[in-house]
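Summary of the model geometry
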Amino acid sequence: MSPKLMQDKICMITGANRGIGKATALGLAEMGATVVMVCRNRERGEAALAEIRRRSGNDAVFLLIADLSLQASVRWLVVGFKERFERLDVLINNAAVITHERTLTKDGGETQWAVNHFAPFLLTNLLIDWLSISRGGRVINLSSNAHRSADLNFSDLQSEK
């Protein structure tokens, strides 16, 4: 078991039910952090939550459900978080989506822009007061190299054409 380097730290990570997000949530839990997993799908989130609690031996791992493609859902996520926790030490914006065809959110925005860019911006800004309560609060924005295989048309950022 890892040393409890993150004891007494509260960490939120989006996209925490698989891949890098799940591995990061597990690592933080093993280091003694209180981990708030943000997942879109309740069933997959609960399965990951149970696994991380079991593997880490840390019961201070929690699940919040949010669809990051919807601004109202991001706002409700923050309300739910602030009702349960007195501060935030680390925010990890990990969730992302890659679509191969143009899709729109219920808000009417292009899905990749909504999830990959607008959601982390909104989430961070809505939690900045909780991060400032923490001494040394941190925001970590993850990305990938998936952009290398994409062609970005700056005259059509919403992929309408």
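Structure shown above.
Everything numeric here is computed off the predicted structure, so don't read it as measured data.

Thoughts on the pattern of salt bridges
Tallied over the entire structure, the rule returns six salt bridges. A salt bridge links K22 to E51; its shortest N-O distance comes to 2.6 Å. Linking K22 in helix α1 (residues 19-30) with E51 in helix α2 (residues 42-56), this pair joins segments that are 29 residues apart in sequence. The exposure class of E51 is partly exposed, given its relative accessible area of 21%. The partner of E46 in a salt bridge is R42, and the shortest N-O contact between them spans 3.8 Å. Here the residue E46 and the residue R42 both occupy positions in helix α2, the gap between them amounting to four residues, near one helical turn. Look at E46 and you get partly exposed, because its relative accessible area is 41%. When salt bridges with common partners are traced through the structure, they connect K22, E51 and R55 into a single cluster.

Some words on the pairing of strand β2 (residues 34-39)
Within β2, six of the six residues are buried, leaving the element largely enclosed by the surrounding structure. Of the two faces of β2, the one carrying T34, V36 and V38 and the one carrying V35, M37 and C39 are both buried. As paired strands, strand β1 (residues 10-14) and β2 are joined by five bridges and run parallel to one another. Paired with T14 across the bridge in β2 is V38.

Here's the deal with the side chain of T111
Here T111 is to be found in helix α4 (residues 111-133). Excluding its chain neighbours within four sequence positions, the residues that come into contact with T111 are V97, T99, T103, L104 and T105.

Procedures and definitions
Residues numbered from 1 in each chain as written. Predicted model: local features only at pLDDT ≥ 70, side-chain atom pairs only at ≥ 80, totals over all residues. Heavy atoms only, no water. Salt bridge = Lys/Arg side-chain N within 4 Å of Asp/Glu carboxyl O. Helix = DSSP H or I, 4+ residues; strand = E, 2+ residues; numbered from the N terminus. Buried < 20%, exposed > 50% of the residue type's maximum accessible area, 1.4 Å probe, protein only. Pairing = 2+ DSSP bridges. Contact = heavy atoms within 4.5 Å.

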